[in-house]
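Coordinate inspection notes
Spelled out from the first residue to the last, the chains are:
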Amino acid sequence: MSESDDKPEAEAGTEALIPDTPTAEDYAKEAKAQEAFSVDADQGDVFGDHEEPLALFKEWLALAKEHEINDPNAMAVSSVDAEGKPDSRMVLLKELDHGFTFYTNLASAKGEQLQRNPNCALLFHWKSIRRQVRIRGRAEVISDELADAYFARRDRGARIGAWASQQSRPMSGPDILETRVADYEALFEGKDVPRPDWWKGFRVIPETVEFWVNRPFRLHDRKLFRQTDDGWETEQLYP
Ligand SMILES: Cc1cc2nc3c(=O)[nH]c(=O)nc-3n(C[C@H](O)[C@H](O)[C@H](O)COP(=O)(O)O)c2cc1C
Ligand SMILES: Cc1ncc(COP(=O)(O)O)c(CN)c1O
């Protein structure tokens, strides 16, 4: 019996959808097809000697921007609800200073969860360069000034959309969103569209940042930065 015969019978139809674990031949083939990013040796020194994680993050984001087909700044944000149950969704990173800022509706599920419990995690996964960055930390609501400045840069359509969408709440009918968009277009006709009070940003202040790069046979490289009273300490982790 060959090893692959040991596989439990797949749920009907899923076998064609979910790729099998790679063999040595698969890695060799991939190394050819995807030269730069298939193995760590090809990627060179991916961690550098940064003393804090944000500089390294910027390098990786710049590389992702060159290679991703869209939204290199997309990240999952995980929060917990009032019962302590985790919840995740994608958002777009919009500012990078001493934290990671994204914009959203404060009355959305994530908005309420993060205001109740700021402990959260962010996750970037860039398929094109086979890298992952995990961030754990605490979210703070950004200032009105910062939120105003970003809101003003958004297209008028997106600013109207922010007023029209009661993000995460049930919609009572199929045309209700279009109707609300039309109502707000009429309301703001000929005027600037101000930022709604509840449309703001969260800045996630990192406590740990882990950088991960793919290697063959799942022998990946991981480097963890941990914030301490005296700055950042680092360690390598088993894959
Ligand atoms: C790639 C991507 C980027 C997104 N960016 C944002 C964002 O920056 N802000 C936001 O409020 N929702 C964004 N969304 C929508 C959220 O994933 C989510 O559907 C919405 O915010 C409601 O989430 P909640 O009910 O957990 O609050 C994005 C979705 C995707 C797939
Ligand atoms: C609902 C929502 N709000 C905000 C954003 C942030 O991006 P932008 O400001 O570019 O619209 C997104 C991006 N997908 C979004 O879907």
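Just so it is clear, the structure is predicted and the values come from calculations on it, not from any experiment.

Glancing now at the site of ligand 2. Surveying the vicinity of ligand 2 reveals the residues Leu 92, Lys 94, Tyr 150, Arg 154 and Gln 167. At 2.5 Å, a side-chain N or O of Tyr 150 approaches an oxygen atom of ligand 2. Bound to the protein, ligand 2 loses 53% of the 390 Å² it would expose on its own. Partitioned by chemical class, the residues of the shell around ligand 2 number two nonpolar, one polar and two charged.

Let's shift gears to helix α3 (residues 53-67). An ideal rise of 1.5 Å per residue puts 21 Å on 15 residues; α3 measures up with 21 Å between its terminal C-alpha atoms. When we look at burial in α3, the residues that qualify are Pro 53, Leu 54, Leu 56, Phe 57, Trp 60, Leu 61 and Ala 64. Along the axis of α3, the buried residues cluster in a sector spanning 150°; they form a single face. Residues of α3 that are exposed and point more than 90 degrees away from the buried face comprise Lys 65 and Glu 66. Its side-chain oxygen at 2.8 Å from the backbone nitrogen of Leu 54, Glu 52 defines the N-terminal cap of α3.

Time to look at the side chain of Asn 105. When you line up the elements, Asn 105 lands in strand β4 (residues 100-105). Its relative accessible area of 4% is what places Asn 105 among the buried residues. Among all residues touching Asn 105, those that are not within four sequence positions of it are Gly 111, Ser 165, Gln 167 and Trp 198.

What follows is about the UniProt feature "binding site: substrate" (unreviewed entry) in the chain. In the numbering adopted here, UniProt assigns the feature "binding site: substrate" (unreviewed entry) to Lys 94, Tyr 150, Arg 154, Arg 218, Leu 219 and His 220. Following the sequence through the fold, Leu 219 ends up in the loop between β7 (199-213) and β8 (221-228). Note on Leu 219: relative accessible area 53%, which makes it exposed. Tracing the sequence through the fold places His 220 in the loop between β7 and β8. Excluding its chain neighbours within four sequence positions, the residues that come into contact with His 220 are Trp 212, Val 213, Asn 214, Arg 215 and Pro 239. In this structure the side chain of His 220 is engaged in a polar contact, spanning 3.0 Å, whose partner is the backbone nitrogen of Arg 215.

So, on to the site of ligand 1. Within the structure, ligand 1 sits among Asp 71, Arg 89, Met 90, Val 91, Leu 92, Tyr 103, Thr 104, Ser 108, Ala 109, Lys 110, Gln 167 and Ser 168. Met 90 is positioned such that a nitrogen or oxygen atom in its backbone is 2.7 Å from an oxygen atom of ligand 1. Contacts to ligand 1 include Thr 104, whose side-chain N or O atom sits 2.7 Å from an oxygen atom. Relative to its unbound accessible surface of 620 Å², ligand 1 loses 63% to contact with the protein. At the level of elements, β2 (86-92), β4 and α4 (109-116) are the ones that each hand at least two residues to the shell around ligand 1. With four residues, the single largest contributor to the shell around ligand 1 is β2. Taken together, the residues of the shell around ligand 1 sort by class into five nonpolar, four polar and three charged.

What counts and what doesn't
Counting restarts for each chain: residues are numbered from 1 in the order of the written sequence. Just so you know, chain letters begin at A and ligand numbers begin at 1, following the order they were written in. Residues qualify for local features only when their pLDDT is at least 70, as the model is predicted, and side-chain atom pairs are given and counted only at 80 or more; totals for whole chains, interfaces and linings, by contrast, use all residues. Side-chain numbers come from the whole structure's heavy atoms, not from hydrogens or water. A molecule or strand has a residue near it when one of that residue's heavy atoms lies within 4 Å. Whenever two N or O atoms come within 3.5 Å, that pair is a polar contact, provided that in protein one can donate a hydrogen and the other can accept it, and provided that, for residues adjacent in sequence, both atoms are side-chain atoms. For every accessible area listed, the method is Shrake-Rupley and the probe measures 1.4 Å; residues are considered covered only by the protein chains on display. When residues are sorted by character, Ala, Val, Leu, Ile, Met, Phe, Trp, Tyr, Cys and Pro go into the nonpolar class, Asp, Glu, Lys and Arg into the charged class, and all the rest, Gly among them, into the polar class. Numbered from the N terminus, helices here are DSSP runs of H or I no shorter than four residues, and strands are runs of E no shorter than two. Take the number of residues in a helix, subtract one, and multiply by 1.5 Å to get its expected span. Each residue is placed in one exposure class: buried if its accessible area under a 1.4 Å probe, protein chains only, is under 20% of its type's maximum, exposed if it is over 50%, and partly exposed if it falls in between. By construction, the arc corresponds to the directions joining the helix axis to the C-beta atoms. In this description, contact between two residues means that some pair of their heavy atoms is separated by no more than 4.5 Å. UniProt positions are given in the numbering used here, feature names are shortened, and annotations may be inferred rather than shown by experiment.

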